[in-house]
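Analysis of the macromolecular model
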Amino acid sequence: MDSDTSHPDEPAENSSTAEESQSPRAKREVTNVVLVTIDSLRADAIGPYDDDRSSPVLDDLAADGTTFDRAFATGNWTPFSFPSILASEPVFTRNGDIGVTDSRTLASVLSDAGIATGGFNAANGFLTSHWGYPAGFDEYESFVTSVGSSVYSRYLAAHPTVEAWIQLLASPFRRLGSKLRGRSDERPFLDASRMFDVEDAATEFVEETDGPFFLWTHYMDTHTPYVPAPRYIREVSDGIIGTHRMLHAHTRTSLGLEVGERTLRDLRTLYQATVRQVDASVGRVLESLEAAGVADETAIVVAGDHGEEFQEHGHLAHYPKLYDELIHVPFIVNVPGEDGGRVSEHVGLDAIPPTVADLLGVESPPEWRGKSVAPAVRGDEDPDQDPVVSVTVRGEEVTEQPIPRSLDDGDLLVSVRDAEWTYIENADTGETELYHRPSDPTQQEDLSADPTDEELAVVERFAPVAAEHVAELRDRKTDVDGSEEVDEDLEARLEALGYR
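Below is a short write-up of the structure. In this text the structure is predicted, and so the values were computed from the model without any measurement.

Each helix and strand counted, the chain has 15 helices and 15 strands in total. Burial statistics for the chain: of 500 residues in total, 57% are counted as buried. Long-range contacts, defined as pairs at least 24 residues apart, comprise 71% of the intrachain contacts of the chain with a sequence gap of at least 6. Accessible surface for the chain amounts to roughly 20600 Å². Of this, 46% is attributable to carbon and sulfur atoms.

We now examine the pairing of strand S2 (residues 66–72). Taken across its seven residues, S2 has five buried, putting it largely inside the fold. The pairing of S2 with strand S10 (residues 331–334) spans two bridges and is classified as antiparallel. Of the residues in S10, the one forming a bridge with threonine 67 is isoleucine 332. When S2 meets strand S11 (residues 341–348), the two strands line up parallel, connected through six bridges.

Let us look at the sheet that holds strand S12 (residues 388–394). Backbone-to-backbone hydrogen bonds pair the strands of a sheet. The strands run either parallel or antiparallel. Spatial ordering of the open sheet is given by S12-S13-S14-S15, a layout of four strands whose pairing is antiparallel. In this open sheet, the two strands that pair with only one neighbour each are S12 and strand S15 (432–436). Going across the sheet, the axis of each strand differs from the next one's by a mean of 15°, ignoring polarity. Direction of pairing for S12 relative to strand S13 (residues 411–417): antiparallel, over a ladder of seven bridges. From the neighbouring strand, serine 390 faces S13, where its bridge partner is serine 415.

Our next topic: the packing of aromatic side chains. All told, the structure shown has 17 aromatic pairs when counted by the stated rule. Between tryptophan 77 and phenylalanine 80, the ring centres sit 5.6 Å apart and the planes meet at 70°, which makes this aromatic pair edge-to-face. Accessibility assignment for this pair places tryptophan 77 and phenylalanine 80 in one class, buried. Residues phenylalanine 126 and tryptophan 131 carry aromatic rings whose centres are separated by 5.3 Å and whose planes lie at 45° to one another, so their mutual orientation is tilted. On the basis of relative accessibility, which here comes to 1%, the residue tryptophan 131 falls in the buried class. Put simply, the rings of Phe82, Tyr133, Phe137, Tyr140, Phe214 and Trp216 touch in pairs and so form one group of aromatic residues. Above the ring of tyrosine 49, the side-chain terminus of arginine 342 is found at 6.0 Å from the ring centroid. Geometry around phenylalanine 72 places arginine 417 over its ring, the cationic atom sitting 5.4 Å from the centre.

Let's shift gears to a negative patch on the surface. A cluster of like negative charges, contributed by Asp138, Glu139, Glu204, Glu207 and Glu208, occupies part of the molecular surface. Counting residues per element, the negative patch draws most heavily on helix H7 (residues 195–208), which supplies three residues.

As a further point, take the pattern of salt bridges. Using the criterion set out here, one finds 13 salt bridges in the structure. For arginine 342, the salt bridge goes to aspartate 69, with nearest N and O atoms at 2.7 Å. Taken together, the positions of arginine 342 in strand S11 and aspartate 69 in strand S2 put the pair 273 residues apart, joining distant regions of the chain. The partner of arginine 369 in a salt bridge is glutamate 472, with the nearest N and O atoms 2.3 Å apart. A residue pair is termed long-range when its members are at least 10 positions apart, and arginine 369 in the loop between helix H12 (352–359) and helix H13 (374–378) and glutamate 472 in helix H14 (residues 453–476) qualify at 103 residues. Exposure remark for arginine 369: the relative accessible area of 36% places this residue in the partly exposed category. Among the charged side chains, a network of salt bridges with common partners joins Arg231, Glu235 and Arg276.

Here the focus is the nonpolar core. If you look at the biggest cluster of nonpolar residues, it comprises 70 residues, and the most contacted ones within it are Val33, Phe68, Leu110, Phe214, Trp216, Phe331 and Val356. Apart from the residues lying within four places of it in its own chain, the contact partners of valine 356 are Val33, Leu106, Leu110, Phe214 and Val301. Val36, Leu41, Leu61 and Met220 belong to the second-largest nonpolar core, a separate cluster that totals 49 residues.

This part takes up the side chain of serine 288. Its place among the elements puts serine 288 in helix H10 (residues 261–292). Side-chain polar atoms of serine 288 contact the backbone oxygen of valine 285, separated by 2.5 Å. Discounting chain neighbours no more than four positions away, the residues touching serine 288 are Thr203 and Val206.

Another point: the layout of surface pockets. For the second largest pocket, the calculated volume is near 580 Å³. Lining the second largest pocket are 26 residues, and of these Asp350, Arg369, Asp386, Pro387 and Val388 lie nearest its centre. Of all the secondary structure elements, the ones that give two or more residues to the lining of the second largest pocket are S11, S12 and H14. Sort the elements by how many residues they give to the lining of the second largest pocket and H14 lands first, with four residues.

The rules behind these values
Residues numbered from 1 in each chain as written. Predicted model: local features only at pLDDT ≥ 70, side-chain atom pairs only at ≥ 80, totals over all residues. Heavy atoms only, no water. Helix = DSSP H or I, 4+ residues; strand = E, 2+ residues; numbered from the N terminus. Buried < 20%, exposed > 50% of the residue type's maximum accessible area, 1.4 Å probe, protein only. Contact = heavy atoms within 4.5 Å. Areas by Shrake-Rupley, 256 points an atom, 1.4 Å probe, with all protein chains shown as cover. Pairing = 2+ DSSP bridges. Axes fitted to C-alpha atoms, helices over the stretch in contact; angles between N-to-C directions. Phe/Tyr/Trp six-rings, centres within 6.5 Å; stacked < 30°, edge-to-face > 60°. Lys NZ or Arg CZ within 6 Å of the ring centre and 35° of its normal. Patch = residues over 30% accessible without salt bridge, like charges linked within 9 Å, V, L, I, M, F, W, Y side chains within 5 Å. Salt bridge = Lys/Arg side-chain N within 4 Å of Asp/Glu carboxyl O. Lys, Arg positive; Asp, Glu negative; His and termini not counted. Charge placed at Lys NZ, Arg CZ, Asp CG, Glu CD. Core = buried A, V, L, I, M, F, W, Y, C linked by side-chain atoms within 4.5 Å. Polar contact = N/O pair within 3.5 Å; in protein donor to acceptor, adjacent residues only side chain to side chain. 1 Å grid on protein atoms, 1.4 Å probe; cavity = no way out; pocket = protein on both sides within 12 Å on 5 of 7 lines; lining within 4 Å. Points joined across faces, edges and corners; volume = space filled by probe spheres on them.

In structure tokens form, the structure reads like this:
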């Protein structure tokens, strides 16, 4: 393991000393794990991966924990990534569906082991009971029902840009009202992302749970449309960017108008402000661990479920592509008593369930695909170096709506990655791409057309991996097409996320 901070040797048996017991990083038993997943969070959006970014809470977690430099999602958007994150299996491999129904989920395995489980999702409609995600959780809330029954609230749910305008226009009055009432500047804004709902539910779960627990929180602030509180816009900008600029950026993107350099910069500023907003919320959840007296026995795992594009390959958001802006994500594991460091070896997010189970002393079921990275956190061994496979499905147009959800909706694209190389194959057309990321970090130069001997060797190593994955998916495919009827609230939330 390539680590900036070396791991100390394990102390000899019965060699505990007063000096060791006073060490702030003395080894402690982990009885709880908090998993924080952040929607659309690309790796270079936070400080541990980019020195120009500031995310104080996540920076501190990384500084005291282990940062995986090359962590990769197994899909370009939530329904293609989360089967790995919460069930350690690739999307579609269960029965051709995008959910985890009938899977051995992380929550189910931990619950069977007697560990209390709580899951709180900020209204991402793809992480609901319709796709099996509450299974195994003692407490689960998706907050989709918070859309409300009035015509006004349902309109806002399906038109998030309007909701963003309302928040931005009303923010000066909210701040003034907050100051007049003598309140802090933390909550004087519309909770468009349901961040406070998640935060409050997580805090209550920590306060009321006795004994070992697993807590999962999923944030949506960094998903389009980016609607940060003005205070966080001020923190990441030069002070010139005001409400009118934010409204201008939202308007151009919502109307499909050309996005110029200034608008793109404004969108990036909005995005970075949402990162700061989530960062602050995570900090308040961590404070609840301190208040409950369990912080010293709680491991924290943080990951993005996929990234976000800002026209690196011609588009915004996260359309069906497999380049690093969508697949390279943050992955941080902070374990009390472990010095951590940085791990340069590549790892997929299917490592999360076995890692959490390992930290809690629970055996992973044999059907899980990923391997625990807890040994790498402890400095015992490097992560498994099998390449990471990611998939997407693309229709006739990259921006086709609704975005394809099943293998019948378009061409199946598969990528295979290690620490240096990215191989992408369209399994239906046979087209391939090859990129050497150290020399081409944004994957602009396709090397597959005229490969050198070294590049050809990479293709010959990765192509069978892609073919095996494709064969497995098509062998497991059923008549499931991902279009089963969903209720009105869920439809409203999916439309709010841009998934018509």
